[in-house]
Amino acid sequence: MKNKDSILKFVISILLVIFGVLLLLDQLNVPFIDDFFTPWYTIVLLFFAACLLAYAIVKKAPVFYILSMLIAGIYLVISINAKIEEMAVGKFIAIIPLFVGIGTVIADKICKWSPKAMRFGIVLSIASAVILVSTILDVWKYVIPIVIILIGIAYIIFGVFAIKHDTKKVEDDHYVTYEPKDKVDEVEKQENQATDTTEK
């Protein structure tokens, strides 16, 4: 545990130096850095995302993968909005749930979290990707209701499979009762004595 804490502190210290340098270069209006981190506080968002990701990897904490991806999604929305001012935020807001879905899938794959988490992550990622494309192409009025219907159908199918799995489990259950060895020996002794007396 102490080793993990030391590694985490070391990684966060390195990230602090890297993002401090990036912030300085951004304030000095270095062309590539200044364009990439517009507005400047997106560097802070990326720093928090990187710290949460480092914590998730070192401590194997699934929730922190999701939080890291959530902040990365917010960073992307703010960056795209700053670069393409004529495009409304609503056009690409679905990036945030898309990243949350990806974070959930990664968390389950790395930390072996829960099959339900994996299902939720996949459904959320696919639905968000479809909604993102539909809002950019301006066909969201028709696509979003269809996506909602498909999510409902997907969860009905998951529910049916879960019920089938549970009933199969109940049918396969065999109850074994444990008896102490002394008790078993005593029962056998009594049975042997009973057979001896009947033989006599």
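Residues numbered from 1 in each chain as written. Predicted model: local features only at pLDDT ≥ 70, side-chain atom pairs only at ≥ 80, totals over all residues. Heavy atoms only, no water.

Draft legend 1. Spotlight on the side chain of threonine 135. Within the secondary structure layout, threonine 135 lies in helix α6 (residues 115–136). When its relative accessible area of 9% is taken as the criterion, threonine 135 is described as buried. Residues contacting threonine 135, with those up to four places away along its chain left out, are Gly90, Lys91 and Trp140. (Helix = DSSP H or I, 4+ residues; strand = E, 2+ residues; numbered from the N terminus. Buried < 20%, exposed > 50% of the residue type's maximum accessible area, 1.4 Å probe, protein only. Contact = heavy atoms within 4.5 Å.)

Draft legend 2. The arrangement of the nonpolar core in detail. By size, the foremost hydrophobic cluster in this structure holds 17 residues, and its most contacted members are Leu15, Phe19, Leu22, Phe37, Ile43, Phe47 and Ile71. Going through the elements one at a time, α1 (2–27), α3 (42–59) and α4 (62–83) are the ones with two or more residues in this core. The biggest single contributor to this core is α3, with 9 residues. Leucine 22 has contacts with Ile33, Phe37 and Ile43, leaving out every residue within four places of it along the chain. (Core = buried A, V, L, I, M, F, W, Y, C linked by side-chain atoms within 4.5 Å.)

Draft legend 3. Region of interest: the pattern of salt bridges. For the structure shown, the criterion picks out 2 salt bridges. Across the pair lysine 91 and aspartate 138 runs a salt bridge, and its minimum N-O distance is 3.2 Å. With lysine 91 in the loop between α4 and α5 (95–111) and aspartate 138 in the loop between α6 and α7 (140–172), the pair connects residues that are 47 residues apart, well separated along the chain. (Salt bridge = Lys/Arg side-chain N within 4 Å of Asp/Glu carboxyl O.)

Draft legend 4. Region of interest: a nonpolar patch on the surface. A cluster of nonpolar side chains, contributed by Ile146, Ile149, Leu150, Ile153, Ile157 and Phe161, occupies part of the molecular surface with about 600 Å² of accessible area. The topology assignment puts isoleucine 157 in helix α7. (Patch = residues over 30% accessible without salt bridge, like charges linked within 9 Å, V, L, I, M, F, W, Y side chains within 5 Å. Areas by Shrake-Rupley, 256 points an atom, 1.4 Å probe, with all protein chains shown as cover.)

Draft legend 5. Main features of the packing of aromatic side chains. Going through the model one piece at a time under the given rule, you end up with 4 aromatic pairs. Seen in terms of ring centroids, tyrosine 55 and phenylalanine 64 are 4.4 Å apart; in terms of plane orientation they differ by 40°. Their pairing is tilted. Of the residues examined, phenylalanine 64 reaches a relative accessible area of 26% and is grouped as partly exposed. (Phe/Tyr/Trp six-rings, centres within 6.5 Å; stacked < 30°, edge-to-face > 60°.)

Draft legend 6. Molecular detail of the environment of tyrosine 65. Note on placement: tyrosine 65 falls in helix α4. Between the C-alpha atoms of tyrosine 65 and alanine 54, which are 11 residues apart in sequence, the distance is 9.0 Å.

Draft legend 7. Geometry of the environment of phenylalanine 48. Tracing the backbone shows phenylalanine 48 in helix α3. Here the alpha-carbon distance between phenylalanine 48 and leucine 15, two residues 33 residues apart in the chain, equals 9.6 Å.

Draft legend 8. Just the packing of α4 against α5, in detail. α5 packs onto α4 with a crossing angle of 155° between their chain directions and a minimal axis gap of 8 Å. Comparing their axes, α5 and α4 come out roughly antiparallel. Where α4 crosses over α5, the two elements pack in a sense that is right-handed. Contact residues: α4 offers Pro62, Tyr65, Ile66, Met69, Leu70, Ala72, Gly73, Ile74, Leu76, Val77 and Ile80, while α5 offers Ile95, Ile96, Phe99, Val100, Ile102, Gly103, Thr104, Ile106, Ala107, Ile110 and Cys111. Looking at the contact of α4 with α5 residue by residue, the classes come out as 19 nonpolar, 3 polar and no charged. (Axes fitted to C-alpha atoms, helices over the stretch in contact; angles between N-to-C directions. Parallel < 35°, antiparallel > 145°, perpendicular 65-115°, else oblique. Left-handed = near helix turned anticlockwise from the far one by under 90°. Nonpolar A, V, L, I, M, F, W, Y, C, P; charged D, E, K, R; others polar.)

Draft legend 9. View of the packing of α1 against α3. The N-to-C vectors of α1 and α3 enclose an angle of 165°; their axes lie 10 Å apart at closest approach. By the criterion of interaxial angle, the relationship of α1 to α3 is roughly antiparallel. Where α1 crosses over α3, the handedness of that crossing is right-handed. Counting all contacts with α1, which are made through Lys4, Asp5, Ile7, Leu8, Val11, Ile12, Leu15, Leu16, Phe19, Leu22, Leu23 and Asp26, the residues of α3 involved are Ile43, Leu46, Phe47, Ala50, Cys51, Ala54, Tyr55, Val58 and Lys59.

Draft legend 10. Representation of α6 in the model. For α6, with 22 residues, the first-to-last C-alpha span of 32 Å sits near the 32 Å given by 1.5 Å per residue. Those residues of α6 that sit buried are Ala117, Met118, Gly121, Val123, Ser125, Ala127, Ser128, Leu132, Ser134 and Thr135. Taken from the residues just after α6, aspartate 138 is the one with a positive phi, measuring 65°. (Expected span 1.5 Å × (residues − 1).)

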